[in-house]
Amino acid sequence: MSDALKVVFGRRYRFAASHRLHTEELSEAENSRVFGKCNNRFGHGHNYVVEIHVSGPVDPVTGMIVNLTELDRFVEREVIEPFDHKSLNEDVEAFRTKVPTTENLCKEIYGRLKDFPLAKLELVRIEETSNNAFEYAG
Amino acid sequence: MVYLTRKIEFSASHLYHSPALSVEENRRIFGKCNNPHGHGHNYTLEVTVEGEPDPVTGMVLDLKELKAILEREITERMDHRFLNYEVAELKGQIPTCENIARVIWKLLEPKITQGRLHKVRLYESADIFAECCRNGASRA
């Protein structure tokens, strides 16, 4: 049974950050038209929810794919510390050149977590608000 | 293919302790979950069934039927129980979210005969869950 079944462990994390959707590739008028309110030059913020899915064999002794404290420590170091209460545009290197949309944020976070050594990263889901969700699975 | 999901909730207690590990290892690996008196959660279970809608009824399966299966197989077995001691299918296993989700899959899979069980997702809290599906299945 176990071999035919895939077990995934999921964990949700939160951070709050500001961003501004703006690109040097477009004129001021185009930025304003494309990004609307999100182009406000002073930025704005969200309470982001990041859901991480990992898979792997369930350890027969512990009953776990991965110990939660190990996953928490890794995500805390790779994502929460660098992003929480930060300006994504100013404080995260990747977004100096890329627009910090939640699509790009999903890919950035996936890239930071994909080498987690204790389980396979399956998917990153980000809820920018309770009404907008984005997923990236590599 | 259409996927339908029904959600139920149940409350249960459990503790994490492995006889294969020393007292110190149990404490180190399982932390607070190793409290010998146990602790509890409000679990939320989402069960997803896949199939094509019946051309006459328009249903993959009758939700009343699914509700009855979940009541009989899961709620009666696990709700307001101590999972380590009162759920035979979990005997000898640590009742982690992963293991409970696997047991739930095993219980439900043969009972769902209209459509096919696609996925079970078990939340231990709003921020922690485990999910079971067939290897290679769609992530829907």
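Along every chain, residues carry numbers that run from 1 in the direction the sequence is written. Chain A is the first chain written and ligand 1 is the first ligand written, with later ones labelled in order. For this predicted model, a pLDDT threshold of at least 70 governs which residues receive local features, and a threshold of 80 or more governs which side-chain atom pairs are given and counted, while totals over whole chains, interfaces and linings are taken from all residues.

**So, the overall build of chain A**
Link 1 in the chain: A run of H or I in DSSP counts as a helix once it spans at least four residues, and a run of E counts as a strand once it spans at least two, with each numbered from the N terminus. A tally of helices and strands in chain A yields four helices and five strands.
Link 2 in the chain: Taken over the C-alpha atoms alone, chain A extends approximately 60 × 30 × 25 Å along its principal axes.
Link 3 in the chain: Every one of the 138 residues in chain A was classed for burial, and the buried ones make up 24%.
Link 4 in the chain: Look at the contacts in chain A between residues 6 or more apart in sequence, and 67% of them connect residues 24 or more apart. In this scheme every C-beta is placed from the backbone, and a residue whose C-beta has 20 or more other C-beta atoms within 10 Å is buried, one with 12 or fewer is exposed, and one in between is partly exposed. In this description, a residue-residue contact is defined by the distance between C-beta atoms placed from the backbone, which must lie within 7 Å.

**Some words on the overall build of chain B**
Link 1 in the chain: Along its length, chain B carries four helices and five strands.
Link 2 in the chain: In terms of its C-alpha atoms, chain B occupies a principal-axis envelope of roughly 60 × 30 × 25 Å.
Link 3 in the chain: Every one of the 140 residues in chain B was classed for burial, and the buried ones make up 34%.
Link 4 in the chain: Residue pairs in contact within chain B that sit at least 24 positions apart in sequence constitute 66% of those at least 6 positions apart.

**Section: the pairing of strand E1 (residues 2-14) of chain B**
Residue and element names in this part refer to chain B.
Link 1 in the chain: Strand pairing is assigned whenever DSSP identifies at least 2 bridges connecting the two strands. The sheet contact formed by E1 and strand E2 (residues 39-51) spans 13 bridges and is antiparallel. The residue of E2 that forms the bridge with Ser11 is Asn42.
Link 2 in the chain: Relative to strand E3 (residues 81-82), E1 runs parallel, the two being bridged by two bridges. Within E3, the position partnered with Ser13 by the bridge is Phe82.

**Describing the nonpolar core**
Link 1 in the chain: Ranked by internal contacts, the top residues of the largest apolar core, which has 51 residues, are Ala101(B), Ile104(B), Val120(B) and Leu122(B).
Link 2 in the chain: Broken down by element, this core gets its largest block of residues, seven residues, from helix H4 (residues 97-108) of chain B.
Link 3 in the chain: Setting aside chain neighbours within four positions, we find Ala101(B) in contact with Val7(A), Val120(B), Leu122(B), Ala130(B), Glu131(B) and Cys132(B).
Link 4 in the chain: To define a nonpolar core, we join buried Ala, Val, Leu, Ile, Met, Phe, Trp, Tyr and Cys residues through C-beta atoms within 7 Å and take the resulting set. Counting five residues, the second largest nonpolar core, distinct from the first, contains Leu15(B), Tyr16(B), Phe30(B) and Ile94(B).

**As for the interface of chain B and chain A**
Link 1 in the chain: Counting from both sides, the interface comprises 23 residues of chain B and, opposite them, 18 residues of chain A.
Link 2 in the chain: Those elements that provide at least two residues to the side of chain B that touches chain A are H4 and strand E5 (128-134) of chain B.
Link 3 in the chain: The leading source of residues in the side of chain B that touches chain A is E5(B), at seven residues.
Link 4 in the chain: In terms of strand pairing, strand E1 (residues 5-19) of chain A meets E5(B) through seven bridges, oriented antiparallel. From the neighbouring strand, Gly10(A) faces E5(B), where its bridge partner is Phe129(B).

**Here we look at the packing of helix H2 (residues 63-78) of chain B against H4(B)**
Residue and element names in this part refer to chain B.
Link 1 in the chain: What counts as an axis is a line fitted to C-alpha atoms, over the stretch in contact for a helix, and the angles between N-to-C directions run from 0 to 180 degrees. Packing of H2 against H4 brings their axes to within 10 Å, and their N-to-C directions diverge by 130 degrees. Judged on the interaxial angle alone, H4 and H2 are oblique. Our pair here, H2 against H4, has a crossing hand that is right-handed. Across the interface between the two elements, Ile69, Glu73 and Ile74 of H2 pack against Ile104, Leu107 and Leu108 of H4.
Link 2 in the chain: By the convention adopted, Pro, Cys, Tyr, Trp, Phe, Met, Ile, Leu, Val and Ala count as nonpolar, Lys, Arg, Asp and Glu as charged, and the other residues, Gly among them, as polar. Its residues placed into classes, the contact of H2 with H4 shows five nonpolar, no polar and one charged. An angle below 35 degrees is read as roughly parallel, one above 145 as roughly antiparallel, one from 65 to 115 as roughly perpendicular, and any other as oblique. Left-handed describes a crossing whose near helix is turned anticlockwise from the far helix through less than a right angle; right-handed describes the clockwise counterpart.

**Here's the deal with the environment of Asn89(A)**
Residues and elements named next belong to chain A.
Link 1 in the chain: Among the structural elements, Asn89 can be located in helix H3 (residues 88-91).
Link 2 in the chain: The class of Asn89 is partly exposed, set by 18 C-beta atoms lying within 10 Å.
Link 3 in the chain: Sequence separation of Asn89 and Thr129 is 40 residues, and the distance between their C-alpha atoms is 19 Å.
Link 4 in the chain: Ignoring anything within four residues of it in the chain, the contact list for Asn89 reads His19, Arg20, Gly43, Phe95 and Pro100.

**A few points about helix H1 (residues 23-30) of chain B**
Owing to its 3.6 residues per turn, the α-helix brings residues three or four apart onto one side.
All names here are of chain B.
Link 1 in the chain: Within the sequence span of H1, burial applies to Asn26, Ile29 and Phe30. Buried residues of H1 fall within an arc of 80 degrees about the axis and therefore sit on the same side.
Link 2 in the chain: Once H1 finishes, Gly31 follows within two positions and takes phi at roughly 55 degrees, a positive value. The directions from the helix axis to the C-beta atoms are what the arc is built from.

**Thoughts on the confidence of the model for chain B**
Low pLDDT marks regions whose predicted coordinates should not be analysed in detail.
Link 1 in the chain: Residue-level pLDDT values for chain B average 96, and 100% of them are 70 or greater.
Link 2 in the chain: Reported for the predicted complex are a pTM of 0.92 and an ipTM of 0.90. Per residue, pLDDT captures the predictor's confidence, and it can take any value from 0 to 100.

**Quick word on the environment of Asp79(B)**
Link 1 in the chain: Inspection of the secondary structure assignment puts Asp79(B) in the loop between H2 and E3.
Link 2 in the chain: For Asp79(B), the contacting residues outside a window of four places in its chain are Phe10(B), Ser11(B) and Ala12(B).

**What about the pairing of strand E5 (residues 132-136) of chain A?**
Residues and elements named next belong to chain A.
Link 1 in the chain: Pairing of strand E4 (residues 120-129) with E5, which is carried by five bridges, proceeds in the antiparallel orientation. The partner of Thr129 across the bridge, within E5, is Asn132.
Link 2 in the chain: Taken together, E4 and the strand that follows it, E5, pair antiparallel across an intervening segment of two residues.

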